[in-house]
Each structure stands twice: as structure tokens, then as C-alpha cells.
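Next come the chains, spelled out residue by residue.
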Amino acid sequence: MSKILIVDDETDISELISLHLTREGHECKSIANGLQVMPSVLEFEPELIVLDLMLPGQDGIQVFKRLRADSRTRAVPVIMLT
């Protein structure tokens with residue numbers, strides 16, 4: 001079972017992604033604000049991040065750059081939603 005962090009401010013989308021991934025046996029956590037990503041990643045320790053581009057607080061590109069700049073999160077795979 002993989003731990004997957006879903007970052008999307010549209011509840012319908014994040015719930016749908018979470019529903020399907022959970023059905024396949026993955027543990028999911030959803031957040032809706034770009035500023036919540038780093039604290040959530042460090043706490044939840046996901047093996048994959050599904051990241052929307054358009055987010056409140058900090059957009060997906062900025063979040064991705066922060067993830068890659070930090071040695072603790074650099075290797076976590078990211079799927080970008082556009």
C-alpha cells in the first residue's frame with residue numbers, strides 16, 4: 001500500500017482521485033492549499049504526490065520547486081494535474 005498526497009482545491013476532483021486510489025489499496029490524504037504541502041509531506045511522508053497547478057496560497061509550480069529544493073522531498077515522485 002502506497003501513501004499518496006493529493007493536492008487540489010477542487011473537492012470533487014480530490015475526492016474522486018482519493019476514492020479510486022483507496023479502492024486500489026492506497027492510503028490517501030488530501031489538502032487544498034499550496035502552503036500546506038511542505039508540512040503535510042513532512043508529516044505524512046507520501047510515496048507519491050498528485051499536484052494541481054492552480055492552487056490557493058501557492059501555485060503548483062512554486063510548490064514543485066520547493067519540493068525539489070528540499071533534500072527531504074527531492075526524490076518524491078510528483079504527478080502534475082493541469
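Position numbers for residues start from 1 in each chain and track the written sequence from start to end. In keeping with the predicted nature of the model, local features appear solely for residues at pLDDT of at least 70, side-chain atom pairs appear and are counted solely at 80 or more, and the whole-chain, interface and lining totals rest on all residues. The basis for every side-chain value is the complete set of heavy atoms in the structure, and neither hydrogens nor water enter the calculation.

J.: I'd like a rundown of the overall build of the protein, residues and numbers included.
T.: Assigned secondary structure in the protein consists of three helices and four strands. Helix and strand assignments come from DSSP, with helices taken as H or I runs of at least 4 residues and strands as E runs of at least 2, each series counted from the N terminus. Ordering the α and β elements of the protein from the N terminus gives β-α-β-α-β-α-β. Using C-alpha atoms as the atom set, the radius of gyration is obtained and then compared with a globule rule of 2.2 Å times the number of residues to the power 0.38. Radius of gyration (C-alpha) of the protein: 12 Å, near the 12 Å computed for a compact globule of 82 residues. Reported as C-alpha extents along the three principal axes, the dimensions of the protein are approximately 35 × 25 × 20 Å. Whether a residue is buried, partly exposed or exposed follows from its accessible area with a 1.4 Å probe, protein chains only, as a fraction of its type maximum: under 20%, in between, or over 50%, in that order. The proportion of buried residues among the 82 residues of the protein is 37%. The contact rule is simple, with two residues in contact once any of their heavy atoms fall within 4.5 Å. Expressed as a percentage of contacts within the protein between residues at least 6 apart in sequence, the contacts between residues at least 24 apart total 61%.

J.: Describe the packing of helix α2 (residues 37–44) against helix α3 (residues 60–69), listing the residues and the values that go with them.
T.: The angle between the axes and the distance between the axes are what describe a pair of packed helices. Comment: axis = line fitted to C-alpha atoms, over the contacting stretch for helices; angle = value between 0 and 180 degrees taken between N-to-C directions. One can describe the packing of α2 onto α3 by two numbers: an axis separation of 10 Å at closest approach and a directional angle of 45 degrees. Considered as vectors, α2 and α3 are oriented oblique to each other. In this structure, α2 crosses over α3, and the sense of that crossing is right-handed. Along the contact surface, α2 presents Val-37, Met-38 and Val-41, while α3 presents Val-63, Arg-66 and Leu-67. Charged means Asp, Glu, Lys or Arg here, nonpolar means Ala, Val, Leu, Ile, Met, Phe, Trp, Tyr, Cys or Pro, and polar covers whatever is left, Gly included. For the contact of α2 with α3, the residue count by class is five nonpolar, no polar and one charged. Geometric relationships in this document are graded by angle, where less than 35 degrees denotes roughly parallel, more than 145 denotes roughly antiparallel, 65 to 115 denotes roughly perpendicular, and other angles denote oblique. A clockwise turn of the near helix away from the far one marks a right-handed crossing, whereas an anticlockwise turn of less than a right angle marks a left-handed crossing.

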